[in-house]
Amino acid sequence: MFSSPKLRHENGPTTTSKPESKPITGTEIEAEFSHHDLTVARINNGSFGSCPLSIISAQQQWQLQFLKQPDYFYFNTFKPSMLKSRILIQSLVNTEDVDEISIVDNATTAAAIVLQHVTWSFFTSNFQPGDAAVMLHYAYGSVKKSVQAYVARAGGKVIEVQLPFPLLSNEEIITEFDKALKMGKINGGKIRLAVIDHITSMPSVVIPVKELVKMCRDEGVDIIFVDGAHAIGNVEVDVGDIGADFYTSNLHKWFFSPPSAAFLYCKKSDKVLDLHHPVVSIEYGNGLPIESAWIGTRDYSAQLVIPEVLEFVNRFEGGIEGIRRRNHDKVVEMAEMLVKAWGTKLGTPPEMCSSMAMVGMPACLGISSDSDALKLRTHLRVLFKVEVPIYYRAALEEEVNPITGYARISHQVYNTIEDYYRFRDAIIKLANDGFKLGRGDQAGHGAASNFRGHDP
Ligand SMILES: Cc1ncc(COP(=O)(O)O)c(C=O)c1O
């Protein structure tokens, strides 16, 4: 499965003999993703991302290099290589200083770093019990739990911004966010923290993050944390322009890194002076980027392989910008093809889609709970070999024939039109066969009830 070892320079493996000017071909893309289960129409890049074979191979070289002579690697290779990865990320996301960039395992870890800092602020600075944290109702499950564990437990009050779905415009988001900020400030209340998604997970929507950050600044919110778990490689990420105090994005979702790697940007200011990784090791007190780069002996290859990841994306026309533009256009085209075939609607207009889109599913399927949505997902996997997450939304009272289920489709470089046709035809077959959820267990495949409500 892995290609043979390639020449290496002193600081680790590198790919060789790359014709700089020749864009990657379709056949090469197929070969890069030939380890995928090719019997599955995998239109869910959003959940776990994807990693091409050349990067898996480069990662394995890093692992071997460490295992070959760990002491030499630790004392000579590790730190400059980690710095190199951080410098490359810095250049991608437009920050002033490489010390503003730390590499961590994932967005969940980044949230723990920021929110643990908030906990300490309740004990060591002027945060008071009853001060508020604002976040979207659609915030990701692990982030919501982290707010509960680190902020509510320390005495903070949590205000969730309720958003409608379908969402028709940014104005709807801005209006609801404004209401939440006003609510937090009633009777002289203080808003200490805002957690804002850049792209929500489920339902998936691109949030006007720059506008919301500005609103928070205008209202004097102390700490603004943007959860861009899905963002890099999917939408433009210019952290300087967004203006938050903290911004994280996974590199393993849309940037082809192997699991798992994420960056955490911490804007240089007094707020970050006492910021720490929750796993304390020998680098404690040496600044977050250095603390995060050694949290005990373990495999750091996913973080070290970032130069090779960048080489991979640069084989595509327009690099990562080109990839994300084409993915966006393609996912919108596929979403429009599906709603046309099913007689439904998109959950958001195309400009609020990233490389993911929410596609309304036929009402006749009878999706009437989270558990129904999960049953349908399992059914599609088992019987049709289609992998796609399904979102349930409760109908409003006045709605006639409401769309209660939306599929979140993704497009990544390995997808083909046949993947979406298979999904289209599976749903048409179910509808024609009179398939209906919520009656007995005709769609039951066992696992559905064990996993609820947190599609990554
Ligand atoms: C919006 C959002 N935030 C955070 C996360 C957590 O990412 P991870 O599981 O890689 O920590 C996810 C995962 O899908 C997500 O969608």
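Numbering of residues starts from 1 in each chain and follows the order in which that chain's sequence is written. Local features in this predicted model are restricted to residues of pLDDT 70 or higher, and side-chain atom pairs are both shown and tallied only at a pLDDT of 80 or more, whereas totals for entire chains, interfaces and linings draw on every residue.

Caption draft 1: The overall build of the protein, seen in detail. Labels follow the DSSP assignment, with helices taken as runs of H or I lasting at least four residues and strands as runs of E lasting at least two, numbered in each case from the N terminus. Regarding its fold elements, the protein presents 15 helices and 14 strands. Both definitions apply: the radius of gyration is a C-alpha atom measure, and the globule rule equals 2.2 Å times residues to the power 0.38. For the protein, whose C-alpha radius of gyration is 23 Å, the value lies close to the compact-globule estimate of 23 Å for 456 residues. Dimensions of the protein along its principal axes, counting C-alpha atoms only, are 65 × 65 × 40 Å. Using C-beta atoms placed from the backbone, we call a residue buried if 20 or more other C-beta atoms fall within 10 Å of its own, exposed if 12 or fewer do, and partly exposed for counts in between. Of all 456 residues assigned to the protein, the portion counted as buried reaches 46%. Contact definition: two residues whose C-beta atoms, as placed from backbone geometry, lie within 7 Å. Relative to all contacts within the protein whose residues are 6 or more apart in sequence, the contacts with residues 24 or more apart total 70%.

Caption draft 2: Geometry of the nonpolar core. Among buried residues, those of type Ala, Val, Leu, Ile, Met, Phe, Trp, Tyr and Cys that are joined through C-beta atoms within 7 Å form a set called a nonpolar core. Core analysis: the largest hydrophobic core is formed by 126 residues, its most contacted members being Val-195 and Ile-409. Here this core takes eight residues from helix α5 (residues 107-124), the largest share from any one element. Per the annotation, domain bounds derive from an automatic or database assignment of domains. When residues of this core are assigned to domains, at least three map to each of domain 1 (66-312) and domain 2 (319-433). Excluding residues that lie within four positions of it along the chain, Val-195 makes contacts with Ala-133, Met-135, Ala-139, Val-143, Val-147, Phe-225 and Asp-227.

Caption draft 3: Spatial organisation of the sheet that holds strand β11 (residues 356-360). Whether two strands pair comes down to DSSP finding at least two bridges between them. Spatially, three strands are ordered β11-β14-β13 in an open sheet, and the strand pairing comes out antiparallel. Two strands lie at the open edges of the sheet, namely β11 and β13 (390-392), each paired on one side alone. Across the sheet, the mean angle separating the axes of adjacent strands is 30 degrees when strand polarity is ignored. Pairing of β11 with strand β14 (residues 405-410), which is carried by five bridges, proceeds in the antiparallel orientation. Of the residues in β14, the one forming a bridge with Val-359 is Ala-407. Across the face of the sheet, helix α13 (residues 319-342) comes into contact with β11 and β14 while running at roughly 5 degrees to β11. Helix α14 (residues 370-384) rests against β13 and β14 of the sheet, and its axis sits at about 165 degrees to β13. A fitted line through C-alpha atoms represents every axis, and for helices the fit uses only the stretch in contact; the resulting angles, taken between N-to-C directions, go from 0 to 180 degrees.

Caption draft 4: Spotlight on the domain arrangement of the protein. When its domains are assigned, the protein resolves into domain 1 (66-312) and domain 2 (319-433). Look at where the C-alpha atoms of domain 1 and domain 2 centre, and you get two points 29 Å apart. The interface of domain 1 with domain 2 comprises 15 residues on the first partner and 17 residues on the second. The residue classification treats Ala, Val, Leu, Ile, Met, Phe, Trp, Tyr, Cys and Pro as nonpolar and Asp, Glu, Lys and Arg as charged. All others, Gly included, are polar. Considering only residue class, the side of domain 1 that touches domain 2 consists of 11 nonpolar, four polar and no charged.

Caption draft 5: Representation of the packing of helix α3 (residues 53-68) against helix α4 (residues 70-93) in the model. Two numbers describe how α3 lies on α4: the axes approach to 5 Å, and their chain directions differ by 110 degrees. It follows that α3 is roughly perpendicular to α4 by the angle criterion. Of α4, the residues touching α3 (which contributes Gln-65, Phe-66 and Leu-67) are Pro-70, Phe-73 and Thr-77. The residue makeup of the contact of α3 with α4, split by class, is four nonpolar, two polar and no charged. Roughly parallel means an angle under 35 degrees; roughly antiparallel, over 145; roughly perpendicular, 65 to 115; everything else is oblique.

Caption draft 6: Seen up close, unusual backbone geometry. That bond from Met-202 to Pro-203 is cis: its omega, -5 degrees, falls within 30 degrees of zero. As for its placement among the helices and strands, Pro-203 is situated in the loop between β7 (191-197) and α8 (209-218). Omega for the bond connecting Pro-259 with Ser-260 falls within 30 degrees of zero, at 0 degrees, which places this linkage in the cis form. The phi dihedral of Phe-256 falls on the positive side, at around 70 degrees, and the residue is not glycine. On the secondary structure map, Phe-256 appears in the loop between β9 (246-250) and β10 (262-266).

Caption draft 7: Quick look at the UniProt feature "domain: Aminotransferase class V" (unreviewed entry) in the protein. UniProt positions are given in the numbering used here, feature names are shortened, and annotations may be inferred rather than shown by experiment. Those residues carrying the UniProt feature "domain: Aminotransferase class V" (unreviewed entry) are residues 82-269 in this numbering. In this annotation, residues 82-269 is assigned 38% helix and 19% strand; the end-to-end C-alpha distance for the span is 23 Å.

Caption draft 8: Summary view of the site of the ligand. Near, as applied to residues and a molecule or strand, means the residue's backbone-placed C-beta atom lies within 6 Å of it. The immediate surroundings of the ligand are formed by 13 residues, with Asn-106, Thr-108, Tyr-140, Ser-201 and Pro-456 found nearest. Within the residue set of the shell around the ligand, elements represented by two or more residues are α5 and α6 (141-152). Residue composition of the shell around the ligand, grouped by class: five nonpolar, six polar and two charged.

Caption draft 9: Layout of helix α15 (residues 417-432). Here α15 is 16 residues long and its end C-alpha atoms lie 22 Å apart, about the 22 Å a rise of 1.5 Å per residue gives. Looking at the buried residues of α15, the elements they touch are β3 (41-42), α13 and β12 (386-387). Following α15 by one or two positions, Gly-434 has its phi on the positive side, about 75 degrees. The span expected for a helix works out to 1.5 Å for each residue beyond the first.

Caption draft 10: Seen up close, the sheet that holds strand β8 (residues 223-227). Pairing is mixed across the open sheet formed by seven strands, whose spatial order is β4-β10-β9-β8-β7-β5-β6. Each edge of the sheet is formed by a strand with only one pairing partner; in this case those strands are β4 (101-104) and β6 (157-161). Across this sheet, the average inter-strand angle for adjacent strands is 20 degrees, counted without regard to direction. Across five bridges, the pairing between strand β5 (residues 132-136) and β6 is parallel. When the bridges of β6 are listed, Leu-136 appears paired with Val-161. Helix α7 (residues 170-185) rests against β5, β6 and β7 of the sheet, and its axis sits at about 160 degrees to β6.

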